[in-house]
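# Per-entry structural report
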Amino acid sequence: EWEDDKLFKYIGLQANANQWSKISNICPTNVLKRHLIEFKNNFDWGVLTNRFENDYILQNPILFPWNFDILLHSENIGIEDVKMLLTNQYLRDISEFNVIEETENSTLNETNKIRYIEWDWDVIMPLLDDDFIFSHINDIKFDLSNLTKRLEANNYKYIANYPDRY
């Protein structure tokens, strides 16, 4: 019975990697949510990223090691969702290989500090409008190479000012 938290914990403490993969695949997500923190290092996060609703992932983008490549290829991810991920300061820090300082009130841990997100710009850039890119060009390390294909001549200055991004 998945709803029995004591049984789940007992199984979780005994399970090997193959069993965790099966747990990640078949256990109801409402049950998994109760155990994500305790067994964070055991779950198959690619499977969980596919199974969990986008809203839950977007509300908890840092707390758990979601697979953002899988999320970005999800058919029900919206442009606003992508923008929300890109503008999340903690995700930006992780994607830029910065060490995030832990504060007394921080929910970050050592795993988050060494985690690195490499955004799939070939997928992301065609989704973003030029206004969003230009308004965040100083904040987000966009790969501008695909932007040059659609850029109007009066905006070439953006490419010239960021030669390291294409």
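What you see as residue numbers is a count from 1 along each chain, following the sequence as written. At least 70 in pLDDT is required for a residue's local features to be given in this predicted model, at least 80 for side-chain atom pairs to be given and counted, and no such filter applies to totals for whole chains, interfaces and linings, which use all residues. Side-chain metrics rest on all non-hydrogen atoms present in the structure, leaving aside hydrogens and water.

A tally of helices and strands in the chain yields 13 helices and 0 strands. Across the chain, helices and strands are ordered from the amino to the carboxyl terminus as α-α-α-α-α-α-α-α-α-α-α-α-α. Buried, partly exposed and exposed residues are distinguished by accessible area as a fraction of the type maximum, computed with a 1.4 Å probe on protein chains only: under 20%, between the cut-offs, and over 50%, respectively. Taken across its 166 residues, the chain has 41% of its residues classed as buried. It only takes one pair of heavy atoms within 4.5 Å for two residues to be counted as in contact. For the chain, contacts bridging at least 24 residues in sequence account for 44% of all contacts bridging at least 6. Approximately 9900 Å² of the chain is accessible, and the part contributed by carbon and sulfur atoms is 47%. Each helix corresponds to a stretch of at least 4 residues labelled H or I by DSSP, and each strand to a stretch of at least 2 residues labelled E; elements are numbered beginning at the N terminus. Areas reported as accessible are Shrake-Rupley estimates using a 1.4 Å probe. Residue values count occlusion only from the protein chains shown.

pLDDT is a per-residue confidence score from the predictor, ranging from 0 to 100. Taken residue by residue, the chain gives an average pLDDT of 84. The fraction at 70 or more is 85%. Of the regions scoring below 50 in pLDDT, residues 109–113 engages in 10 contacts with residues more than four places distant in sequence or in other chains.

The subject of this paragraph is the packing of aromatic side chains. Aromatic rings in a pair are described by how distant their centres are and how their planes are angled relative to each other. Stacked, edge-to-face and tilted labels apply to pairs of Phe, Tyr and Trp rings (six-membered ring for Trp) whose centres lie within 6.5 Å, assigned for plane angles under 30 degrees, over 60, and everything in between, in that order. Inspection of the entire model under this criterion finds 15 aromatic pairs. With 5.5 Å between their ring centres and 15° between their planes, tryptophan 45 and phenylalanine 64 make a pair best called stacked. With tryptophan 45 in helix H4 (residues 45–51) and phenylalanine 64 in the loop between helix H5 (54–59) and helix H6 (68–72), the pair connects residues that are 19 residues apart, well separated along the chain. For phenylalanine 64, a relative accessible area of 3% corresponds to the buried category.

Another point: helix H2 (residues 17–26). All of the buried residues along H2 are Trp20, Ile23 and Ser24. Down the axis of H2, the buried side of the element spans an arc of 100°, and every buried residue falls inside it. Looking at H2, the residues exposed on the side facing more than 90 degrees away from the buried face are Asn18, Lys22 and Ile26. Buried-residue contacts for H2 involve helix H1 (5–14), helix H3 (29–35) and H4. N or O atoms within 3.5 Å of each other form a polar contact, as long as, within protein, one can give a hydrogen and the other can take it, and as long as residues adjacent in sequence are counted only when both atoms are side-chain atoms. Between the side-chain oxygen at the start of H2 and the backbone nitrogen of asparagine 18 there is a gap of 3.0 Å, and the oxygen is on asparagine 16. Directions pointing from the helix axis toward each C-beta atom define the arc.

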